[in-house]
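Remarks on the overall topology
Here is what each chain is made of, one letter per residue.
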Amino acid sequence: MQKIIEIKGGVVRHPQMRMGAPIDFELLAGEQQAIVGDNGSGKTRLVDVLMGKCALMPMQGVKYDFTPSKAKMVSDNIKYLSFRDSYGTNEGVYYYQQRWNQNDIEETPLVKDLLAESFRIAEEGLTRKTVFDKFLVRDETPEQEAERLRQEEEDRVLMHNELEKVRKHLYEIFHLEQLLDKHIILLSSGELRKFQLTKTLMTNPRVLIMDNPFIGLDVTARAQLAEFLTLLTKETNVSVVLVLSKTDDIPDFITHVVSVKDLKVGQKMTLQAYLESRESVPARMLSEEKEKAILELGVRSEELKVPNSTVIEFRHVNIRYGERTILKDLNLMVKEGEHWALNGENGAGKSTLLSIVCADNPQSYANDIVLFGHQRGKGESIWDIKRHIGYISPEMHRAYMKDVPAIDIVASGLSDVSGLYKKPKPEQRAMCEFWMDIFGIKRYADTTFLHLSSGEQRLVLLARAFVKDPALLILDEPLHGLDLKNRRLVKDIIEVFCQRKHKTLLMVTHYREEYPKNIDHEIYLKKVDN
């Protein structure tokens, strides 16, 4: 059987990128694989090897057979969509709070223009010449050359038509027509995921590797994506490889699973065999000792006094960007000690709502909003608001691109500064280490942020949200990218933290099973008809 990708005893040249044991891996034609493992187990490192980013020792290279694909370059045949989304054409153009600033919004490209560029690049990939092709000397008559060129043009037209079919199908299942005229920066986290999936799938790759593709999507979009990928694997030659941290909902179209643990690649097994052998997650991951430590945290010296115990009040709030309305006539009241879950469709304004509460959105000044008993725009500073709030979001994760020690990032939560980092004072370091220990990442205190896996980075940012023992905890999809054990651990921590008096919670998630048990209020947002 055709081996699309094959590695036997592969050892990476660079010591810092090396796996814990030689790599044995193969992807056969017709297989759809899932690469699974805990956060930091080496999944992304394995993907880098598969894509040829990590050179192997001599005689141990990766062997590829992409037939019947017309594209010849590895980069054209293997496409990778990573966990870390981007609002621009590359990671470097995005900064925290950018999507809330009108001037920057108008300078960002439209969705339709970026997708058109992706379509053009996809077509180029199918006809791109390798170095061998460019210098190939053909012994052919003028008639033979004319016939070859005619056949190449006929193939190009056929490939164009095939790509056009893929494009139309993607636009239909993800309802992209309504997004085409939007600036890329205005897409919600879920809408952005749809855009990135479309952009990647439009290239019609031979192998499609996707890192946690279902996170950030609402229930409907997750079902649509699974259905589309199932259809894709049945009707095309694409082999799909999913890199998954959340392994309790592996799609049915997956045929085989490869586990990665402690930087070692396990043997390939069928999906059924994996499901039967998979270890169950303990009902509780937070130890009694750590639970007690959280509950015994001292009351802050500056106790927050909230008039009438109202932490948040929205009165007929409207948020618009150009012709598009995000929130319309929204009324909301959150009392001190309440624990709210926010759910809803992608693009319904959940993250926008949280950005207003966190004082990140300039439009909060144009609305009737009360936070901690104070009317917005009546003299309080942003920092007066932020010092009571612990916050994490997908936007925040995207913005953290500084390769500084993890403990410095946790310490930045004490001053609410996301772009400037100072060495914490001894007493601050002790509190940072306390929360890093609670989240199981104390050993990474001096490891620089970009050398951690995405899941480990998320735990660092969670510790940052908790480090000042906030009165209001705002968690926008906090379990994004975490493995099952860490998801259970973080859920335990949230539940224990919210057992304490005067602690208020706002949490966004698309998975009802992620709700902490002390959720006592819920709001479901729907997209506004524009």
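The next thing to look at is the side chain of threonine 233. Checked against the element boundaries, threonine 233 lands in helix α8 (residues 219-235). When its relative accessible area of 14% is taken as the criterion, threonine 233 is described as buried. A polar atom in the side chain of threonine 233 sits 2.8 Å from the backbone oxygen of threonine 230. Apart from residues no more than four positions distant in its own chain, threonine 233 is found in contact with Gln32, Val238, Val240 and Phe253.

Moving on, we get to the confidence of the model for the protein. In this model, the protein carries an average pLDDT of 84, and 88% of its residues clear a pLDDT of 70 or more. Of the regions scoring below 50 in pLDDT, residues 87-95 engages in 24 contacts with residues more than four places distant in sequence or in other chains.

What follows is about the pattern of salt bridges. One pass over the full model with this rule turns up 27 salt bridges. As a salt-bridge pair, lysine 3 and glutamate 6 come within 3.3 Å of each other at their nearest N and O atoms. With a relative accessible area of 14%, glutamate 6 lands in the buried category. For aspartate 368, the salt bridge is made with arginine 315, and the minimal N-O distance between the two is 3.3 Å.

Interaxial distance between helix α10 (residues 288-295) and helix α17 (residues 484-497) falls to 9 Å at its minimum, and their mutual angle equals 35°. Of the two possible hands of crossing, α10 and α17 adopt the one that is right-handed. Within the contact between the two elements, α10 uses Glu291, Ile294 and Leu295 and α17 uses Ile493, Val496 and Phe497. Broken down by class, the residue content of the contact of α10 with α17 amounts to five nonpolar, no polar and one charged.

This part is about helix α11 (residues 350-357). Within α11, eight of the eight residues are buried, leaving the element largely enclosed by the surrounding structure. All buried positions along α11 are accounted for by Lys350, Ser351, Thr352, Leu353, Leu354, Ser355, Ile356 and Val357. Looking one or two residues beyond α11, the residue adopting positive phi is alanine 359, at roughly 65°.

For any pair of aromatic rings, the description rests on two quantities: the centre-to-centre distance and the angle between the ring planes. Within this structure, the stated rule accounts for seven aromatic pairs. Here the aromatic rings of tryptophan 435 and phenylalanine 497 are separated by 6.3 Å at their centres, their planes lie at 65°, and the arrangement is edge-to-face. Pair noted here: tryptophan 435 is in helix α15 (residues 426-438) and phenylalanine 497 is in helix α17, with a separation of 62 residues, a long-range link. The class for tryptophan 435 is buried, based on a relative accessible area of 0%. Within the aromatic cluster, the residues linked to one another by ring pairs are Phe434, Trp435, Phe439, Phe466 and Phe497. The ring of tyrosine 171 has arginine 167 sitting right over it, with the charged end atom 4.8 Å from the ring centre. Positioned over the ring face of tyrosine 511 is arginine 487, at 5.8 Å from the centre of the ring.

Attention now goes to the sheet that holds strand β1 (residues 3-10). With antiparallel pairing, three strands are arranged side by side in an open sheet as β2-β1-β4. Among the strands making up the open sheet, the edge pair consists of β2 (23-28) and β4 (63-64). Two elements, β1 and β2, share five bridges in a ladder whose sense is antiparallel. Bridging across to β2, glycine 10 finds its partner in isoleucine 23.

So, how was this worked out
Residues numbered from 1 in each chain as written. Predicted model: local features only at pLDDT ≥ 70, side-chain atom pairs only at ≥ 80, totals over all residues. Heavy atoms only, no water. Helix = DSSP H or I, 4+ residues; strand = E, 2+ residues; numbered from the N terminus. Buried < 20%, exposed > 50% of the residue type's maximum accessible area, 1.4 Å probe, protein only. Polar contact = N/O pair within 3.5 Å; in protein donor to acceptor, adjacent residues only side chain to side chain. Contact = heavy atoms within 4.5 Å. pLDDT = per-residue confidence, 0-100. Salt bridge = Lys/Arg side-chain N within 4 Å of Asp/Glu carboxyl O. Axes fitted to C-alpha atoms, helices over the stretch in contact; angles between N-to-C directions. Left-handed = near helix turned anticlockwise from the far one by under 90°. Nonpolar A, V, L, I, M, F, W, Y, C, P; charged D, E, K, R; others polar. Phe/Tyr/Trp six-rings, centres within 6.5 Å; stacked < 30°, edge-to-face > 60°. Lys NZ or Arg CZ within 6 Å of the ring centre and 35° of its normal. Pairing = 2+ DSSP bridges.

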